[in-house]
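# Fold and contact review
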Amino acid sequence: MIDGKRVLAIVPARKGSKGLPLKNIRPLAGKPLLAWPIAAARASRHVDRTIISTDDPGFADIAVAHGADAPFLRPAELASDTAPSIGFILHAVDALAEAGDVYDYVVLLEPTSPLTEGSDVDAALERLVAADADAIVGVSKLEATHPAFAVRKADDGAIAPYAAASFGEMPRRQDIEPLFVLDGTLYISTVEALRRERGFCHARTLGYETARHKAHEVDDLVDFICIEAIAANLDTILQAESRAAAPGVE
């Protein structure tokens, strides 16, 4: 609960996955992928209940074993590749409300962003409430993939800058405008705004900047292997981030 309002965390986990089959239950550092966001939600000071939204009974059982509730199975029409996320989110909110379990905020934590922590959920919720906004989503800074460094490739293979008039006019990395990308680490909204806007991103949405190592998403095997390496070296990464953030360190 935060500011007297109840918070529901939803972990979505369809069985179908084209890029990496059964990725939502693929083991990462000793536990299935879907267990990571469940742990983050349960570690939050503000989340009142954590549920799994899945179309698969086996996935539901795994989620329950790791501390989530599985009050229902997601209907098939809300579990296809083309079904918009807002459908299963409102299905969950409405199904719980019908049972007398009503929430003011929804936190969506996807298994494909397993490195989000409970502290991120709490910090984002607190910022959202303090700013009196309607939603907040995870974002991370664009660096190597910044559009200032993008090029076009012609049919003959020749390349040209996308944003600059010439290669000589391309900016230095330290001179580029800071840009951010939606990174999938977390999505939070009031239930009222979700119903009105049919999504998390709109004019009253804030960005919650996440640490670089948390911004990786699992779409395919290469992504998973990268996140395995990060998870195995978290202590080293956190120490490096702490040193980089210390005053006087460049």
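Residues numbered from 1 in each chain as written. Predicted model: local features only at pLDDT ≥ 70, side-chain atom pairs only at ≥ 80, totals over all residues. Heavy atoms only, no water.

## Re the pattern of salt bridges
Under the counting rule described, the total for this entry stands at 14 salt bridges. Arg14 serves as the salt-bridge partner of Asp81, at 3.0 Å between the closest nitrogen and oxygen. A residue pair is termed long-range when its members are at least 10 positions apart, and Asp81 in the loop between helix 2 (57–65) and helix 3 (85–98) and Arg14 in the loop between strand 1 (7–12) and strand 2 (27–28) qualify at 67 residues. Asp81 sits in the partly exposed class, given a relative accessible area of 46%. One salt bridge in this structure joins Arg172 and Asp175, with 2.7 Å as the shortest N-O distance. Here the salt bridges share partners, and the residues they tie into one network are Arg6, Arg49, Asp69 and Asp101. (Salt bridge = Lys/Arg side-chain N within 4 Å of Asp/Glu carboxyl O. Helix = DSSP H or I, 4+ residues; strand = E, 2+ residues; numbered from the N terminus. Buried < 20%, exposed > 50% of the residue type's maximum accessible area, 1.4 Å probe, protein only.)

## What to know about unusual backbone geometry
For Leu22, which is not glycine, the phi dihedral falls at a positive 55°. Looking at the element boundaries, Leu22 is found in the loop between strand 1 and strand 2. One non-glycine residue with positive phi stands out, namely Asp132, at about 55°. Here Asp132 shows up in the loop between helix 4 (118–131) and strand 6 (135–141). Exposure remark for Asp132: the relative accessible area of 58% places this residue in the exposed category.

## With respect to helix 2
Phe59, Ala60 and Ala63 are the residues of helix 2 that are buried. For helix 2, the arc enclosing every buried residue in end-on projection is 100°, short of the 170-degree limit, so these residues lie on one face. Looking at helix 2, the residues exposed on the side facing more than 90 degrees away from the buried face are Asp61 and Ala65. Contact partners of the buried residues in helix 2: helix 1 (35–43) and strand 4 (49–53). Following helix 2 by one or two positions, Gly67 adopts a phi angle in the positive range, close to 105°. (Arc of directions from axis to C-beta. Contact = heavy atoms within 4.5 Å.)

## What about the packing of aromatic side chains?
Within the structure shown, the criterion is met by one aromatic pair. With a centroid separation of 5.4 Å and 45° between ring planes, the pair formed by Tyr187 and Phe200 is classed as tilted. Of this pair, Tyr187 sits in strand 9 (residues 180–190) while Phe200 is found in the loop between helix 5 (191–197) and strand 10 (205–209), placing the two residues 13 residues apart along the sequence. In this structure, Tyr187 and Phe200 share a single accessibility class: buried. Over the face of the ring belonging to Trp36 we find Lys31, whose NZ or CZ atom lies 4.5 Å from the ring centre. (Phe/Tyr/Trp six-rings, centres within 6.5 Å; stacked < 30°, edge-to-face > 60°. Lys NZ or Arg CZ within 6 Å of the ring centre and 35° of its normal.)

## Some details on a nonpolar patch on the surface
Together, Val151, Ile159 and Phe167 give the surface a local cluster of nonpolar side chains, amounting to about 260 Å² of exposed area. For Phe167, the location among the structural elements is in the loop between strand 8 (159–161) and strand 9. (Patch = residues over 30% accessible without salt bridge, like charges linked within 9 Å, V, L, I, M, F, W, Y side chains within 5 Å. Areas by Shrake-Rupley, 256 points an atom, 1.4 Å probe, with all protein chains shown as cover.)

## Looking at the pairing of strand 6
Burial analysis of strand 6 places six of its seven residues in the buried class, which makes it a mostly covered element. Direction of pairing for strand 6 relative to strand 9: antiparallel, over a ladder of six bridges. Note on strand 9: the bridge partner recorded for Lys141 is Phe180. (Pairing = 2+ DSSP bridges.)

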